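Residues per chain, in single letters:
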Amino acid sequence: MSIATEDEIERAKDWLAQLRGLGSDAVPVRPESVKQTYLVSGLLAESSGDAEAAVRYWQEGLTVVNDDNIDLLGNVAWALARRAAVAEPDEKIEASDEAEQAINKFDKVIEAK
């Protein structure tokens, strides 16, 4: 298994930013492909150590694709739960509440499917 170089990671980030910037109406494309753009953008940000950007990409994807996408919701819920687990004491309640809301939304979507 090869590991991407910093240059390759930056090129991937630029490419994904271009795809996100096109807008869902600019090019006729399947919703699954649009979802994958946001999903991979978040995964790349997360693997680069930027969990906040990852959550932003996934949440943006929910507004672009649909707000009940299991893959994006699951990543948001999981990331927010991890953030709450390591939050400083003064941020713990707010982070935990945010994670709980995301987990509850994810749960409701799973039950509805």
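Bear in mind that the values here come from a model prediction, so they are computed numbers and not experimental data.

### Examining the pattern of salt bridges
(1) Moving on: Counted under the stated rule, the structure contains seven salt bridges.
(2) Moving on: For Asp-7, the salt bridge goes to Arg-11, with nearest N and O atoms at 2.8 Å. With Asp-7 and Arg-11 both in helix 1 (residues 6-22) and four residues apart, this pair spans about one turn of that helix.
(3) Moving on: Of the charged contacts in the structure, one is a salt bridge between Lys-35 and Glu-32, with a shortest N-O distance of 3.0 Å. Within this pair, Lys-35 and its partner Glu-32 are both found in helix 2 (residues 31-47), separated by three residues, close to a single helical turn.

### Topic: the packing of helix 2 against helix 4 (residues 70-85)
(1) Moving on: The geometry of helix 2 relative to helix 4 is characterised by a closest axis approach of 10 Å and an angle of 20° between their N-to-C directions. Accordingly, the angle class assigned to the pair helix 2 and helix 4 is roughly parallel. Crossing geometry of helix 2 relative to helix 4 is assigned as left-handed. When helix 2 is examined against helix 4, the residues Lys-35, Tyr-38, Leu-39, Leu-43 and Glu-46 are found in contact with a partner set consisting of Asp-71, Leu-72, Asn-75, Ala-79 and Arg-82.
(2) Moving on: Of the residues that constitute the contact of helix 2 with helix 4, the class distribution is five nonpolar, one polar and four charged.

What counts and what doesn't
- Residues numbered from 1 in each chain as written.
- Predicted model: local features only at pLDDT ≥ 70, side-chain atom pairs only at ≥ 80, totals over all residues.
- Heavy atoms only, no water.
- Salt bridge = Lys/Arg side-chain N within 4 Å of Asp/Glu carboxyl O.
- Helix = DSSP H or I, 4+ residues; strand = E, 2+ residues; numbered from the N terminus.
- Axes fitted to C-alpha atoms, helices over the stretch in contact; angles between N-to-C directions.
- Parallel < 35°, antiparallel > 145°, perpendicular 65-115°, else oblique.
- Left-handed = near helix turned anticlockwise from the far one by under 90°.
- Contact = heavy atoms within 4.5 Å.
- Nonpolar A, V, L, I, M, F, W, Y, C, P; charged D, E, K, R; others polar.

These values are about where atoms sit, not about what they do.
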